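# Coordinate analysis (summary)
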Amino acid sequence: LAWAGYALLPAGEDAADSPVVINRVMTSNPDVCFSVKGHYYDWLELKNTSEKDLSLGDYTLTDDLDCPDKVRLPEQVLKPGEVFLVFCSGDSSLTSKNGFHAGFAIGTDETLYLYDTDGNCSDRMHLRGLPLDGSMGRMDGESGFWYFASPTPLKDNRNGCRAVCEGPVPSLEPGIYEGSETLLLELSGEGEIHYTLDGSVPDAADPVYTQAFTLSGTTILRAVCVLDGKITSAPATFSYIVNEHDSLPVTSLVCDPKEMFGYNGVYTSIKNRNVECDASVSFFDT
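In this text, all values refer to a predicted model and were calculated from it rather than measured experimentally.

As a further point, take the overall build of the chain. Broken down by element type, the chain carries 2 helices and 26 strands. In the chain, buried positions account for 46% of the 286 residues. Restricting to contacts in the chain with at least 6 residues of sequence separation, those with at least 24 account for 57%. On the chain, roughly 15,100 Å² of surface is accessible, and the fraction owed to carbon and sulfur atoms is 49%.

Structural data, given as structure tokens:
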């Protein structure tokens, strides 16, 4: 309902109380944007939406309402329409030619606040459900906030979607199954459900789920929901350990084989030891 309401809100009605706004945020940056000494940090953009030069030194940034001046921004002058990058590395002593380092990190479910030097909250952005490798932010001439499948930092925010698809739901709880000849597994979800059985991350090019799976042995199923007008859901991973006769608890670690064992994989490439890859971990104690 919130997204439907945005569509009825005239552009600019929910604008910030300041010409400097939080323009875009990325909370999961495995290896997409801006390597800083081999590490990839979450980041946000601040944008000057006015028609005159403005100094960022007039603002502070925080993720804590009890500490509005948590990060004092540098005396950087932004020209009209210019964007400034802030790395949320948690280490303000770091330096980078691409941007400024804030002394806090950000998560996928919190609120960022921008304050002016008079102590007034001039802008805020609530972060929720950001897609892996994606971002959330504003689009020029549009009301509210949008999700973006591709981050494209320091460029215009385009091709946004109002929401992210919810992930698929299995009819059978993942876990350990002993003494079962076959298991019947169904999936439900919005739009089309695409899946893989080899551990790779599924996308719209992978097979479409059309009928229930019959499982006769250990199976790792990964699936996403794809629907026009929404960002593809995060990959859901379901591990079924069937008739393995384990006497100890089981941990199922699943990631794309190419990202782990490929030529430039985390396990095989020394130069990529600082790179993270999307993975799923499940623990079954019985």
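There's plenty left to go through after this.
A few words on the side chain of D256. Structurally, D256 is set in the loop between β25 (250–255) and α2 (257–261). Its relative accessible area of 7% is what places D256 among the buried residues. Discounting residues that sit within four places of it in the chain, D256 has contacts with G199, S200, V201 and R222.

Before going further, it helps to spend a moment on the sheet that holds strand β7 (residues 71–72). Ordered in space as β7-β6-β11-β12, the 4 strands form an open sheet in which the pairing is antiparallel. Edge positions in the sheet fall to β7 and β12 (121–128), since each of these pairs with one other strand and no more.

For N159, which is not a glycine, the phi torsion comes out positive at approximately 55°. With respect to the helices and strands, N159 occurs in the loop between β14 (146–148) and β15 (163–164). A positive phi angle, near 55°, is found at N243, a position not held by glycine. Residue class for N243 comes out partly exposed when judged on its relative accessible area of 27%.

On to the pattern of salt bridges. With the rule as written, the count across this model stands at 7 salt bridges. The shortest N-O distance in the salt bridge between E45 and R24 comes to 3.8 Å. A residue pair is termed long-range when its members are at least 10 positions apart, and E45 in strand β4 (residues 43–48) and R24 in strand β1 (residues 20–26) qualify at 21 residues. Between K70 and D63 there is a salt bridge, with its nearest N and O atoms 2.7 Å apart. According to the relative accessible area criterion, K70 is partly exposed, its value standing at 37%. Taking relative accessible area as the criterion, D63 reaches 21% and is therefore assigned partly exposed.

If you trace the 6 strands from one edge of the open sheet to the other, you get β10-β9-β4-β1-β13-β14, paired in mixed fashion. Every other strand in the sheet has two partners, leaving β10 (100–101) and β14 as the edge strands with one partner each. Judged from the 3 bridges that link them, strand β13 (residues 135–137) and β14 form a sheet pairing that is antiparallel. Within the sheet, the bridge partner assigned to G137 lies in β14 and is W146.

Further remarks concern the state of the cysteines. In protein structure, a disulfide is the covalent linkage between the sulfur atoms of two cysteines. Applying the stated criterion across every chain, the model contains 0 disulfides. You can see C165 has no disulfide; the closest cysteine sulfur is in C225, sitting 6.0 Å from it. Residue classification places C165 among the buried residues on the basis of a relative accessible area of 5%.

Let us look at the pairing of β4. Of all 6 residues that make up β4, 6 are buried, and the element is covered over most of its length. Side chains W43, E45 and K47 project from β4 onto one buried face, and the interleaved L44, L46 and N48 project onto a second face that is buried too. Pairing between β1 and β4: 6 bridges, direction antiparallel. Paired with V25 across the strands is L44, a residue of β4. In terms of strand pairing, β4 meets strand β9 (residues 83–87) through 5 bridges, oriented antiparallel. What sits directly across from E45, in β9, is L85.

The rules we used
- Residues numbered from 1 in each chain as written.
- Predicted model: local features only at pLDDT ≥ 70, side-chain atom pairs only at ≥ 80, totals over all residues.
- Heavy atoms only, no water.
- Helix = DSSP H or I, 4+ residues; strand = E, 2+ residues; numbered from the N terminus.
- Buried < 20%, exposed > 50% of the residue type's maximum accessible area, 1.4 Å probe, protein only.
- Contact = heavy atoms within 4.5 Å.
- Areas by Shrake-Rupley, 256 points an atom, 1.4 Å probe, with all protein chains shown as cover.
- Pairing = 2+ DSSP bridges.
- Salt bridge = Lys/Arg side-chain N within 4 Å of Asp/Glu carboxyl O.
- Disulfide = S-S within 2.5 Å.

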